Amino acid sequence: MIRFIQRALDSDVGHSFRTSPMAILASLIAFICVFCAVFAPWVAPHNPFDLATLDLMNARLPPAWHPDGSTNFLLGTDTQGRDILSALMYGARISLAVGLASVALSVIIGVSFGLLAGFLGGWVDGVLMRLCDVMLSFPPILIALLIAGVGRAMFPNAHDTVAFGVLILSITLTGWVQYARTVRGSTLVERSKEYVQAARVTGVAPLRIMRRHVLPNVMGPVLVLATIQVATAIITEATLSFLGVGAPPTSPSLGTLIRVGNDYLFSGEWWITIFPGAMLVLIALSVNLLGDWLRDALNPRLR
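To keep things clear, this report deals only with the structure shown in the data block. (Residues numbered from 1 in each chain as written. Predicted model: local features only at pLDDT ≥ 70, side-chain atom pairs only at ≥ 80, totals over all residues. Heavy atoms only, no water.)

1. Some remarks on the overall build of the chain
When helices and strands are tallied, the chain shows 13 helices and zero strands. When the helices and strands of the chain are listed from N to C terminus, the series reads α-α-α-α-α-α-α-α-α-α-α-α-α. Across its three principal directions, the C-alpha atoms of the chain cover 75 × 50 × 30 Å. A buried classification covers 42% of the 303 residues belonging to the chain. Restricting the contact set of the chain to residue pairs at least 6 apart, pairs at least 24 apart contribute 70%. Only carbon and sulfur atoms are counted for the fraction: they give 68% of the accessible area of the chain, which is about 16200 Å². Seen as two clouds, the 20 positive and the 17 negative side-chain charges of the chain have centres 16 Å apart. (Helix = DSSP H or I, 4+ residues; strand = E, 2+ residues; numbered from the N terminus. Buried < 20%, exposed > 50% of the residue type's maximum accessible area, 1.4 Å probe, protein only. Contact = heavy atoms within 4.5 Å. Areas by Shrake-Rupley, 256 points an atom, 1.4 Å probe, with all protein chains shown as cover. Lys, Arg positive; Asp, Glu negative; His and termini not counted. Charge placed at Lys NZ, Arg CZ, Asp CG, Glu CD.)

See below:
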């Protein structure tokens with residue numbers, strides 16, 4: 001394990017990371033956010049969703065540095081007396097889970113379709129690319145709203161797991177197109193190279209050629225795109241939750257927290273919506289900066 005880490009740090013990508021202060025800062029911020037989200041039950045000072053611990057007398061308390069604030073609630077409380085800091089950790093947990101799951105599904109679907117379209121060509125390529133064109137003709141947020149709304153109408157009393165499944169599906173169906181088009185373009189280049197022609201001559205099955213030979217050589221752009229799309233998926237989830245068709249109210253995400261706090265923004269309780277918004281910006285900005293660094297680090301022209 002130590003040797004693997006040492007080789008990774010000594011590689012071109014590792015050297016690029018060590019010499020980029022922006023990449024180090026972005027990775028540090030992303031690590032802190034992810035760590036607090038994953039270990040929220042142990043890191044958070046309170047459980048904001050345990051009704052037995054909530055006290056309406058603690059509702060709308062300002063942050064601890066305010067004269068009317070309390071040291072028990074560093075970032076204040078919301079209208080139900082929930083600790084904002086703890087709610088951020090639990091909310092980021094949901095946002096990150098939805099974002100990562102939707103991007104993973106988008107990569108699987110998009111890469112599969114892109115490989116088939118680029119390697120097989122013909123009517124398969126035509127059908128899949130026309131499907132991509134149809135998906136691109138609609139605004140992504142509109143498709144996500146439509147699917148999430150239909151899912152809510154079909155399963156009005158569904159369990160939280162079903163609600164999250166519908167939310168992940170709605171984001172996935174708007175994100176796989178970019179992977180498909182990217183992989184298709186790379187596959188069109190790779191399929192005409194000598195190693196692919198040699199594999200065909202020796203009788204290797206087309207599926208094996210795509211999986212063992214072509215796929216590893218087209219994953220570079222996919223990794224960069226997936227890194228950037230994580231931030232986009234998180235923002236899309238927050239947008240849907242803000243509009244009321246995202247995460248269920250019993251398990252609010254950052255978007256739900258922003259929507260709830262938005263009703264009290266101009267009544268003086270600014271912290272209820274400002275801190276969730278700042279958390280969302282930090283996560284999205286750090287992931288985008290890491291994606292920009294990875295794009296430059298994997299570009300051989302910049303080495």
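2. Re the packing of helix α10 (residues 194-201) against helix α11 (residues 206-242)
It is at 11 Å that the axes of α10 and α11 come closest, and there the two elements cross at 175°. If you check the angle between α10 and α11, you find them roughly antiparallel. Contacts between α10 and α11 involve Tyr195, Val196, Ala199 and Arg200 from the former and Ile209, His213, Val214 and Asn217 from the latter. Residues of the contact of α10 with α11, tallied by class, amount to five nonpolar, two polar and one charged. (Axes fitted to C-alpha atoms, helices over the stretch in contact; angles between N-to-C directions. Parallel < 35°, antiparallel > 145°, perpendicular 65-115°, else oblique. Nonpolar A, V, L, I, M, F, W, Y, C, P; charged D, E, K, R; others polar.)

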